[in-house]
Amino acid sequence: MNPGNGSFVTEFILLGLTNEPDLQMLLFLSVYVFTLLGNISILLLVWCSTLLHTPMYFFLAQLSFVDISLSTVLSPKMLAGFLIGERRISFSACIAQTYLFSACASTEFCLLAVMAYDRYVAISNPLLYTVKMNKHLCIRLAIGSYIGGFFHSLIHAICLYRLYFCGPDIINHFACDYPVLVNLSCTDFFINDLLRFVFAGILVAGSLFVIVVSYFQIVKAILRISTTVGRRRAASTCISHFTCVFLFFGSCLIMEVMPNSKDSEEKIKVVAVIHAILIPALNPVIYSLRNNEVKEALRKILNKQNGFR
C-alpha cells in the first residue's frame, strides 16, 4: 500500500499512442526537436534583437518558454521509455507530470489572454502603447499568469493525490493525464470533478472573457482607421495570436466536452497529441511565418554574423 495516498497502486504502465514503438519514437522525437528549435529560436531572437524589445515580443517569449516546458514535461519521459523499453512510471511521478502539464497549459491560457489585451492597447492607442504597457506592468502580468496557472493546477493535483487506486495499473495513454487517471480510481471522484469544473471554468472563462472583449475592442479600433492599408496592417498583428488562440482553446474545449469514459480514451489521446505535442511546435511557425518584424530581426542577425566572417 502506498503510504502517501493509501492506494494499492505504486506505479503505472503507459501504453503509449500506438502499438508501434518505433513509429512513436520517431514521431515524438521529430516533433520534440522541432519544438525546441522553433521556440528556442524565438527566445534568442527576442533576446538578441533590439527590434523585438517590445511588450508584444516579451509575451511571445514567455509563450515560447511555456511551450518548451509543456513539451518537456511529456516528451523526454516518453522517449526514454521507447529507448530502454521501460514504460513504468511511479505514482508520485505520474501525479507530478499531471500537475506540471496542467500548470503549463493553464499558464498558457493566462498568457494568451494577456497577449490579447496587449494587442488591444497597441491598436486602440498606438502612441501611448509603450507608456501603458511599460516594463513593470509586463513583468507583473507575466508573473501573474505563472502564479495563476500553477495555483490553479495545484488544487487538482492535491485532490488527485488523495484518490485511491486499487488497480488496474495500466494507463491507455502516452502520458499521465487527469481524465484517464480518474477513470482508474476505485473511489468516488465527484468532488474532484466538481472542483476541476469550478476552477477550470473560472480560468478558462476568465481568459476567454478577456480575449473576446479585447478583440471586440480591436475590431472597433480597426474599423475607425481611415485607410485600407492601415486596417490591414493593424489586423495582421492579430492574425498570429488569434490562430494560436483558436488552436489552443479549440483543442481544450474538445477535450472538456468529451465524455470522461474508457470508450473515449483513444479520442482523448489523439486530441492530447494536438494539444500538448503539435501546438507547441506550431506556435513559433505561426508567429514567424507572416510576421515581418521577426523576419527582419532574423535577417539583421544573419547579416551581422556574415559581416564578421
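Structure: above.
Residues numbered from 1 in each chain as written. Predicted model: local features only at pLDDT ≥ 70, side-chain atom pairs only at ≥ 80, totals over all residues. Heavy atoms only, no water.

S.K.: Account for the side chain of S75, with residues named and values stated.
M.R.: With respect to the helices, strands and loops of the structure, S75 is situated in helix α2 (residues 55-84). Take S75: its relative accessible area is 1%, and that puts it in the buried class. (Helix = DSSP H or I, 4+ residues; strand = E, 2+ residues; numbered from the N terminus. Buried < 20%, exposed > 50% of the residue type's maximum accessible area, 1.4 Å probe, protein only.)

S.K.: Please provide a residue-by-residue account of the nonpolar core, values included.
M.R.: Among the nonpolar cores identified, the biggest contains 42 residues, and Y57, L112, I123, I211, F248 and F249 are the most heavily contacted of them. Put simply, the parts of the chain that give this core at least two residues each are α1 (21-48), α2, α3 (91-124), α7 (190-224), α8 (228-257), α9 (265-289) and α10 (292-307). Of all the elements, α3 adds the most residues to this core, at 11 residues. Counting 22 residues, the second largest nonpolar core, distinct from the first, contains L17, F101, L111 and A175. (Core = buried A, V, L, I, M, F, W, Y, C linked by side-chain atoms within 4.5 Å.)

S.K.: An account of α7 is requested, with residue identities and associated values reported.
M.R.: In this model α7 runs 50 Å from its N-terminal to its C-terminal C-alpha over 35 residues, within 8% of the 51 Å that 1.5 Å per residue would give. Looking only at α7, the buried set comprises N192, A200, L203, S207, I211, S214, Y215, I218, A221 and I222. (Expected span 1.5 Å × (residues − 1).)

S.K.: Describe the environment of K135, listing the residues and the values that go with them.
M.R.: As for its placement among the helices and strands, K135 is situated in helix α5 (residues 135-161). Overall, K135 belongs to the exposed group, its relative accessible area being 64%. The sequence separation of K135 and P55 amounts to 80 residues, and the corresponding C-alpha distance is 7.6 Å.

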